[in-house]
Structure formats: C-alpha cells, structure tokens
Amino acid sequence: MIETLAAAPEAEVEDLSASALLALARDRKAAEDRAAADVLEVAARWADLHPPESIHTAAVFADGGRYGLEHEEPIAGEGCPAVAEFCIAELGTVLGISSTSAKRLIGHALELRHRLPRLWAQVQAGAVPAWRARTVAEATIHSTASLTVEAARWVDAQVAAVAGRVGPAQLDRLVAETIKRHHLDAHDPTSDPEDGYLSVDPRHATLHSEDVHYAGTMRFEAELDIADALDLDRALAHGAGTLKALGSAAPLDSRRSQALGDLARTQTALDLHAQGSTAARSEDGLPIAREVVLHAHFDASLDGLDRLDTVFGPTGRMEEGQRLVLLEQVKDWCRDSRTKVTVKPLIDLTAELTSPGYDIPDRIREQVILRDRTCVFPWCTRPARGCDIDHVVPYDHDADAEGTPQPGPTVPSNLAPECRWHHRLKTHTAWRYAVTAPGVYEWTSPHGHCYRRDHTGTTRIPGPDSSDHEPAPPERP
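Residues numbered from 1 in each chain as written. Predicted model: local features only at pLDDT ≥ 70, side-chain atom pairs only at ≥ 80, totals over all residues. Heavy atoms only, no water.

1. Focus on the overall build of the chain
- The helix and strand tally for the chain stands at 15 helices and 15 strands.
- A separation threshold of at least 6 residues defines the contact pool for the chain, and within that pool the share at least 24 residues apart is 58%.
- Carbon together with sulfur atoms contributes 55% to the accessible area of the chain, which is approximately 27100 Å² in total. (Helix = DSSP H or I, 4+ residues; strand = E, 2+ residues; numbered from the N terminus. Contact = heavy atoms within 4.5 Å. Areas by Shrake-Rupley, 256 points an atom, 1.4 Å probe, with all protein chains shown as cover.)

2. A few points about a nonpolar patch on the surface
- A grouping of Val39, Val94 and Leu95 is seen on the molecular surface, where their side chains present a nonpolar patch of about 190 Å² in accessible area.
- As for its placement among the helices and strands, Val39 is situated in helix α3 (residues 18-49).
- What makes Val39 partly exposed here is its relative accessible area of 31%. (Patch = residues over 30% accessible without salt bridge, like charges linked within 9 Å, V, L, I, M, F, W, Y side chains within 5 Å. Salt bridge = Lys/Arg side-chain N within 4 Å of Asp/Glu carboxyl O. Buried < 20%, exposed > 50% of the residue type's maximum accessible area, 1.4 Å probe, protein only.)

3. Some points on unusual backbone geometry
- A cis amide bond links Thr144 with the next residue in sequence, Ala145, at an omega value of 10 degrees.
- For Ala145, the position within the fold is in the loop between α7 (130-141) and α8 (149-161).
- Here Ala163, not a glycine, exhibits a phi torsion of approximately 55 degrees, which is positive.
- Structurally, Ala163 is set in the loop between α8 and α9 (168-181).
- Of note in the backbone geometry, Arg373 takes a positive phi value of approximately 70 degrees without being a glycine.
- In this structure, Arg373 sits in the loop between α13 (362-372) and β10 (388-391).
- Note on Arg373: relative accessible area 12%, which makes it buried.

4. Observations concerning the packing of aromatic side chains
- Under the definition given, this model contains 8 aromatic pairs.
- Here the aromatic rings of Tyr358 and Tyr395 are separated by 5.5 Å at their centres, their planes lie at 65 degrees, and the arrangement is edge-to-face. With Tyr358 in the loop between β9 (339-343) and α13 and Tyr395 in the loop between β10 and α14 (399-402), the pair connects residues that are 37 residues apart, well separated along the chain.
- Residue Tyr358 is classed as partly exposed on the basis of its relative accessible area, which comes to 32%.
- Note on Tyr395: relative accessible area 14%, which makes it buried.
- Taking 4.1 Å as the distance between ring centres and 15 degrees as the angle between the ring planes, the aromatic pair formed by Tyr433 and Trp443 counts as stacked. Placement of Tyr433 in strand β12 (residues 432-437) and of Trp443 in strand β13 (residues 440-444) is noted, with a sequence separation of 10 residues between them. Taken individually, Tyr433 and Trp443 each receive the classification buried, so the pair is uniform in this respect.
- Aromatic rings pair up to connect Phe377, Trp431, Tyr433, Tyr441 and Trp443 into one cluster. (Phe/Tyr/Trp six-rings, centres within 6.5 Å; stacked < 30°, edge-to-face > 60°.)

Here you go:
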C-alpha cells in the first residue's frame, strides 16, 4: 500500500491519514538507510575496480614534474587496499560531492569492509545506519596513534556489540582505551600509562569556517580545560552583563557571543601593545585588532552576481572563505576605530585583457580569481587564490616560431583556476573541459558524464546513458 501511495500525486498524499503518513515516513527512512548502505557498497566496489595497478600507462608520461603523476592513494587504515587516486573524482561528480568528500566516502567504505567487518555486516543488514558506521570509521582511520588491524578489530567488536550506538565522547574514550590496551602509544615519551584515556588530549578550538549562516555568523567550537572553561564562562557572563548595562537589548546568548569577540579583540590589542609592536595603530593608540579586505563588484552585466539580497538585508561577499557579509556588518567595521578596512580597486570582470606570452600577469590572474572564486572543477570549493591558473586550450609554445595563430592565448576567456589536484587530474586523465561563456565551463568525465560549472555551482548536463561507456585513455602530453 505504501508504494502505491508514494507514487500517487501530491494531492492524494495530502489526503493520507495520520497513520498512513507515519507509515510512509517510516518507509522512506528505511529506503534512505538502505540507499546509504548501498552507496558504501558501491564505493568499496569502485575502489576494487581501480587498484594502483589500473593506472593507465599513458598517465606516466612526464610533463616536467611540475604537476606530478597519478599515484596510488592510501585512504584508509593499515590493511586496507590503496586505490588509483584519480578514480575518486569520477565517483564524486556522479554523487554530486567534492573529490575530498568522495575520497572520505571511499576511505570509510574500505575501512569498514576490511578493518571493521562486524560493523560493515550490520550496515549491510540494515541494523546500523551508514552514517553511524562512517563516524566510527573516521575515528579509526585518523586515530593518533594509528590503529593496527588487530586494534581496529577490537574497536569493531565493542561497537558492533551495541549496534553502533556510541556517541562522540564514548567513541573517543573507546579509541583511547584501544591505544592503551594495544600499547600503540609506547613510542610517545610524553604519554602517561597511568593516565588511561586521558593521555589523549581532547582540547581544541575549532572555527567551522565552511558553515556560514546567512545572518553573517560562523560556529566556533572548543574543548577546554575545566579551569579555563569556567574562567571563560565568567568572562562571557561579565561581558554580556556589561553590554546590557550599556543599553544592549540583544538576547543573553547574542551578548555572550559578542562578548567573546570583544574579548578576542581586546586581548589581541593588549598583547601587541605590551610587546611594543610597530603595527599600524588606531586613533586611541592601540594596534589594529582586525583587518578586513573587501572586493566589491557592482557591474550590472554580472546579473547581480555580487548583489545578493536576503531576509537579513543586502549582502555581498568576502573573498576569504567565500563568505557572505551583510552591509550592516561592513558599516559596523568601518565605525570601529580598531578595524582596518581595505577596499580593493574595482576590476571589470568582463574586460578581455591580453598578454603576448605564456606567463600570466598579475592583472589577468586577479581578474580570473575574482571572476571564478573557486576551482572550476565540478563541486570543488577550494579558493581560487590558492589554485593554479590553467590555459583551457593549451598554449602552443611553438606557434610564434612556426608563424601559426596561437590556439591557446593568455586571455581571461581561456584561463580557469584549478586546484593542484584537479589540475593534475585534467593533465593526466581523459577528463576534458571547455569554456562556453565567460566563467562557464562544461566538463566531460572519462565515462562520458557531463557537468556545467558556473558562478551558481555545478549542474549535470543531461545526456545519453553512459553506464556502459568505457573511458578513453588520456592523451599523451
């Protein structure tokens, strides 16, 4: 009955009873868990099809060594097979995730199948959700010290016994106990065998810069020493109370958050002042505590690319981290005497600058970086400023000597930023791409899948079924 109802038009679904809706929700959740388990199985099988021995001989021709060659990639713990590194990209693009996420997925699948077999069996049987198992795999892959196969199997037995129901803190303690039990930290002269799992220092302070809220906020997470945590809590309570006394009507949590930022800026200023820093100083004599560099673009031809409106008001973009920034935030920064705001000169991103040689001058490089913002490979988010700038149509170094037109000129319309890994992928494999408009790229994978990448992100280009398509060997550089 559920399958029939699920296939019915939306109007019919709206007429379902409460019991039928709950049954449909349960069915869909079971299907979601089954699909996630299947994806793990597919990832493991994909790795099986691409062992290091599968690296095509055409990929070993050198190009001077600048971009390196394809090599085997160990992406899971000891005892797991390595894979040919460039196979990761094809699976990632088909799934609509970055190559980094695809590498993590394949690594988790191999870790579960080869080192955590009991948990793997429970996932495939539907007893443990794939996401829970992947959390355990992530912990055993990146454990410090590294877990041996025997140690990983011991973790597997403990976790499988409770059907994967372990929280992050329990998992940390379990891995630490495994390290102690199997004497994996014996080489560490700072480890204390009497200290149990506490010999693994859990303290950290982590800024989750990839998760930017449209309200212009980011999440900061920390694990502190008890005394430090209590001291910080008191400082935030005092700061929040001070803000309220000064007239702030913001909620307590908002004032505590603001107090943390004020604490950071005050401490920065005090430290630099005490050390006699020669850094630029504000009107009150204290060093600049915050520096913000803004790139503003208001060219109407960009179809509002950098003129975004949200429910929070007008927004723009900061280049660092590709973060949205509210207009009100910029105004607040400009009003703060200890914030140095630098506005870069306006660059026309549509101008076709030229350079006669192969080397890319700074003015063209800057234009390409600001136009594309990130690596242009499908679903890659690495900032363009740290990328290689690639000639989409290769530059012919012999064209001038032979008196022929240059097929790959050094102009913005023939240049694209690519992170080093995807640049190597494009150089040494059958991945190909072309420019269809300024800042718009169409990629074709070795298996014939096509993707369009532009300022809005990545979209799949519909095409014929390529499931049986065999990848063509890469062209020799």
